[in-house]
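Geometric and topological summary
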Amino acid sequence: VAMDDAYADVRVFRASARHADGDHAGAAADLAVLDGLDAPPIVGDLLAASRLRQRVAGELAATGELLAALELLDSGLEARKRAGGGPDAALLAERGWLLAATRVPELVERGLENLDEAVAAGPTDPYALAYRAVVASTAASAAERAAGVAADLEAFATLTDPPADLVAALVSLGLLDG
């Protein structure tokens, strides 16, 4: 990075190393700079496959930096929009999940809106489906959303090789049969 701060691959690897070292703010800063670069498509694929941005945002939120977490996710969403892509279901799902985790009614509802957008953008995204099912089943509007929860869980159950952590979470919450 010291030699060429526009080298996208190095930004991703340094963000990953910083995240592994517990420097989530530093990792977020690298990812925010990356969002302003003209990175090759493989860099986006790497970020998506590793869920690095979502993991960094989750750690920021867990340490009380919810605003920084949301800004990181929003930066990724905006970068995708500038590149001509549609909404990113995975980033919208993480944004909705983090807002809902606050348990502040207004933020939970805003989180549900993000989760609805996530499922619309990626109807087979396992995180969008699982997160929306969990949040909708516990939200104040749960009775109104019961049919949607069932539909999300049915769609999730048909996924090939869904993430094991999501399966375990849904089973432990009694939303999915083990």
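Note: the structure precedes this text.
Overview of the structure. All values derive from a computational prediction rather than experimental measurement.

The subject of this paragraph is the overall build of the protein chain. Counting its secondary structure elements, the protein chain contains ten helices and zero strands. Taken along its principal axes, the extent of the C-alpha atoms in the protein chain is 55 × 35 × 30 Å. Residue pairs at least 24 apart in sequence account for 51% of intrachain contacts in the protein chain once pairs closer than 6 positions are excluded. Of the roughly 9,400 Å² of accessible surface on the protein chain, a fraction of 56% belongs to carbon and sulfur atoms. Across the protein chain, the 14 positively charged side chains and the 28 negatively charged ones have centroids separated by 3 Å.

The next thing to look at is the packing of helix H4 (residues 52-62) against helix H5 (residues 66-82). The description of two helices packed together rests on the angle between their axes and the distance between the axes. One way to put it is that H4 packs onto H5 with a least axis distance of 7 Å and a crossing angle of 160 degrees. Taken together, H4 and H5 sit at an angle that is classed as roughly antiparallel. Relative to H5, H4 is oriented so that their crossing is left-handed. Two secondary-structure elements touch here, H4 through Arg-53, Val-56, Ala-57, Leu-60 and Ala-61 and H5 through Leu-66, Ala-68, Ala-69, Leu-72, Leu-73, Ser-75 and Gly-76. The class makeup of the residues in the contact of H4 with H5 is nine nonpolar, two polar and one charged.

Scanning all chains against the criterion turns up eleven salt bridges. Note that Arg-80 and Asp-88 form a salt bridge whose closest N and O atoms lie 3.6 Å from each other. On the basis of relative accessible area, Arg-80 is assigned to the partly exposed category, the value being 37%. Here Asp-116 and Arg-145 are joined by a salt bridge, their closest N and O atoms 2.9 Å apart. On the criterion of sequence distance, the pair formed by Asp-116 in helix H7 (residues 105-121) and Arg-145 in the loop between helix H8 (126-138) and helix H9 (146-157) is long-range, its members being 29 residues apart. Residue Arg-145 is classed as partly exposed on the basis of its relative accessible area of 21%. One continuous salt-bridge network, built from bridges that share partners, spans Arg-11, Arg-14, Arg-18, Asp-23 and Asp-30.

The subject of this paragraph is a negative patch on the surface. Together, Glu-109, Glu-113, Glu-117 and Glu-144 make up a region of like negative charge exposed at the surface. Mapped onto the elements of the fold, Glu-113 is located in helix H7.

At a minimum axis distance of 7 Å, the contact between helix H1 (residues 8-20) and helix H2 (residues 24-35) shows a crossing angle of 165 degrees. It follows that H1 is roughly antiparallel to H2 by the angle criterion. In this structure, H1 meets H2 at a crossing whose hand is left-handed. Between H1, through Ala-8, Arg-11, Val-12, Arg-14, Ala-15, Arg-18 and His-19, and H2, the contact on the second element is made entirely by His-24, Gly-26, Ala-27, Asp-30, Leu-31, Val-33 and Leu-34. Split by residue class, the contact of H1 with H2 holds seven nonpolar, three polar and four charged.

With that out of the way, let us pick up the packing of aromatic side chains. By the definition in use, this model includes two aromatic pairs. Here Trp-97 and Tyr-131 contribute two aromatic rings whose centre-to-centre distance is 4.3 Å and whose plane-to-plane angle is 20 degrees, an arrangement assigned as stacked. Of this pair, Trp-97 sits in helix H6 (residues 89-100) while Tyr-131 is found in helix H8, placing the two residues 34 residues apart along the sequence. For Trp-97, a relative accessible area of 28% gives the class partly exposed. Residue classification places Tyr-131 among the buried residues on the basis of a relative accessible area of 9%. Ring geometry for Tyr-127 against Tyr-131: centres 5.7 Å apart, planes inclined by 70 degrees, an arrangement best described as edge-to-face. On the criterion of helical spacing, the pair formed by Tyr-127 and Tyr-131 is a turn pair, its members being four residues apart in helix H8. Aromatic ring contacts, followed pair by pair, group Trp-97, Tyr-127 and Tyr-131 into a single cluster. Against the face of Tyr-127 rests Arg-51, its NZ or CZ located 3.5 Å from the ring centre.

Calculation criteria
Residues numbered from 1 in each chain as written. Predicted model: local features only at pLDDT ≥ 70, side-chain atom pairs only at ≥ 80, totals over all residues. Heavy atoms only, no water. Helix = DSSP H or I, 4+ residues; strand = E, 2+ residues; numbered from the N terminus. Contact = heavy atoms within 4.5 Å. Areas by Shrake-Rupley, 256 points an atom, 1.4 Å probe, with all protein chains shown as cover. Lys, Arg positive; Asp, Glu negative; His and termini not counted. Charge placed at Lys NZ, Arg CZ, Asp CG, Glu CD. Axes fitted to C-alpha atoms, helices over the stretch in contact; angles between N-to-C directions. Parallel < 35°, antiparallel > 145°, perpendicular 65-115°, else oblique. Left-handed = near helix turned anticlockwise from the far one by under 90°. Nonpolar A, V, L, I, M, F, W, Y, C, P; charged D, E, K, R; others polar. Salt bridge = Lys/Arg side-chain N within 4 Å of Asp/Glu carboxyl O. Buried < 20%, exposed > 50% of the residue type's maximum accessible area, 1.4 Å probe, protein only. Patch = residues over 30% accessible without salt bridge, like charges linked within 9 Å, V, L, I, M, F, W, Y side chains within 5 Å. Phe/Tyr/Trp six-rings, centres within 6.5 Å; stacked < 30°, edge-to-face > 60°. Lys NZ or Arg CZ within 6 Å of the ring centre and 35° of its normal.

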